[in-house]
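A closer look at the structure
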Amino acid sequence: MSNDERADLLDRFRRGDPTALAELYDRFAGRLYRVAFRMLGDHGLAKDAVQEVFLGVLKVRYRLGTLEDLSAYLFCCLRRAVGRLQVIRQRNKNLAHGSFQDAETGAPETQGGETIWSKWVLQALQQLPPEQQEVVLLKIEGELTFAEIAMALGISPNTAASRYRYALQKLRHYLSAQKE
């Protein structure tokens, strides 16, 4: 989506065009959901997080102005929504099932062109520090650039790239150890 198209979409959304929200949802909901699911490990909570993002955007649509990068803004909102849901989940022990869902449960990993994560990759992701997990998920599932990740996380693009590089090194090490 070009900058002009984003500006037009945001302008229509601010004016209350009902198709603009649908376009935003169609464009971003799948990626937002995949990242939320990987972070929360629960389909229902991931859907709740995505819904919270779009409800939040609806509330502030008049204040959106011109966003430098709409996708980074949405993923920043998602990060906050996931954080709130994680706090709720921690309070309610019967919902606590870990950070990532096991690939053997057969869920949406193999549907709709989504990334297929093996059991070993999911286990390796769990071994990463949270800030590296976030960057990997935003890069792979969110399909964000390092500049967009930097905007979403409030870090520099170089820091985002470094965290990704370090995460990949750790994943390679962990996965090679699994083969032995």
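Residues numbered from 1 in each chain as written. Predicted model: local features only at pLDDT ≥ 70, side-chain atom pairs only at ≥ 80, totals over all residues. Heavy atoms only, no water.

**So, the packing of aromatic side chains**
Applying the stated rule across the entire model yields three aromatic pairs. Each ring, one from Tyr25 and one from Phe54, has its centre 5.1 Å from the other, and the planes form 55°; the classification is tilted. With a gap of 29 residues between them, Tyr25 in helix 2 (residues 18–40) and Phe54 in helix 3 (residues 43–59) connect regions that are remote in the sequence. Residue Tyr25 is classed as partly exposed on the basis of its relative accessible area, which comes to 44%. Assessed through its relative accessible area of 6%, Phe54 is described here as buried. A centroid spacing of 6.1 Å and a plane angle of 15° characterise the contact between Tyr33 and Phe37, whose relative ring orientation is stacked. Residue Tyr33 and its partner Phe37 are located together in helix 2, separated by four residues, close to a single helical turn. Considered together, Tyr33 and Phe37 belong to a single accessibility category, that of buried residues. Its end group placed over the ring of Tyr166, Arg165 keeps NZ or CZ at 4.9 Å from the ring centre. (Phe/Tyr/Trp six-rings, centres within 6.5 Å; stacked < 30°, edge-to-face > 60°. Helix = DSSP H or I, 4+ residues; strand = E, 2+ residues; numbered from the N terminus. Buried < 20%, exposed > 50% of the residue type's maximum accessible area, 1.4 Å probe, protein only. Lys NZ or Arg CZ within 6 Å of the ring centre and 35° of its normal.)

**Considerations on the pattern of salt bridges**
Scanning all chains against the criterion turns up ten salt bridges. The partner of Asp8 in a salt bridge is Arg12, with the nearest N and O atoms 3.4 Å apart. Taken as a pair, Asp8 and Arg12 lie in helix 1 (residues 3–14) at a separation of four residues, close to a single helical turn. Judged by its relative accessible area of 40%, Asp8 falls in the partly exposed class. In this structure, Glu134 and Arg79 form a salt bridge, with 2.6 Å as the shortest nitrogen-oxygen distance. Taken together, the residues Glu134 in helix 6 (residues 130–140) and Arg79 in helix 4 (residues 70–91) connect sequence positions 55 residues apart. Taking the relative accessible area as the measure of exposure, Glu134 reaches 12% and is therefore buried. (Salt bridge = Lys/Arg side-chain N within 4 Å of Asp/Glu carboxyl O.)

**Things to note about the confidence of the model for the protein**
Mean pLDDT for the protein: 78, with 78% of residues reaching 70 or above. Across the protein, the secondary-structure element scoring lowest on mean pLDDT is helix 5 (residues 119–127), at 78, and the one scoring highest is helix 2, at 91. (pLDDT = per-residue confidence, 0-100.)

**Focus: the nonpolar core**
Judged by nonpolar contacts, the single largest core of 50 residues is most densely connected at Leu32, Ala49, Val53, Phe75 and Leu78. Listing elements by their share of this core, those giving two or more residues are helix 1, helix 2, helix 3, helix 4, helix 5, helix 6, helix 7 (146–153) and helix 8 (157–179). The dominant element in this core, judged by the number of residues it contributes, is helix 2, at eleven residues. The contact partners of Leu32, leaving out residues within four places of it in the chain, are Val50, Val53, Phe54, Leu74, Phe75 and Leu78. (Core = buried A, V, L, I, M, F, W, Y, C linked by side-chain atoms within 4.5 Å. Contact = heavy atoms within 4.5 Å.)

**Regarding helix 1**
At 3.6 residues per turn, the α-helix brings residues three or four places apart onto the same side. Between its terminal C-alpha atoms helix 1 stretches 16 Å, which fits the 16 Å expected from twelve residues at 1.5 Å a residue. Looking only at helix 1, the buried set comprises Arg6, Leu9, Leu10, Arg12 and Phe13. Axial view of helix 1: buried residues confined to an arc of 165°, hence all on one face. Opposite its buried face, helix 1 presents the exposed residues Asn3 and Asp4, each directed more than 90 degrees away. Once helix 1 finishes, Gly16 follows within two positions and takes phi at roughly 95°, a positive value. (Expected span 1.5 Å × (residues − 1). Arc of directions from axis to C-beta.)

**Concerning the side chain of Gln133**
Counting through the fold element by element, Gln133 comes out in helix 6. Using a relative accessible area of 13% as the deciding quantity, one classes Gln133 as buried. Within the structure, the side chain of Gln133 is placed 2.9 Å from the backbone oxygen of Leu125, a separation counted as a polar contact. (Polar contact = N/O pair within 3.5 Å; in protein donor to acceptor, adjacent residues only side chain to side chain.)

**Considering the environment of Thr159**
Looking at where Thr159 falls in the secondary structure, it is placed in helix 8. Thr159 gets classed as partly exposed once you look at its relative accessible area, which sits at 29%.

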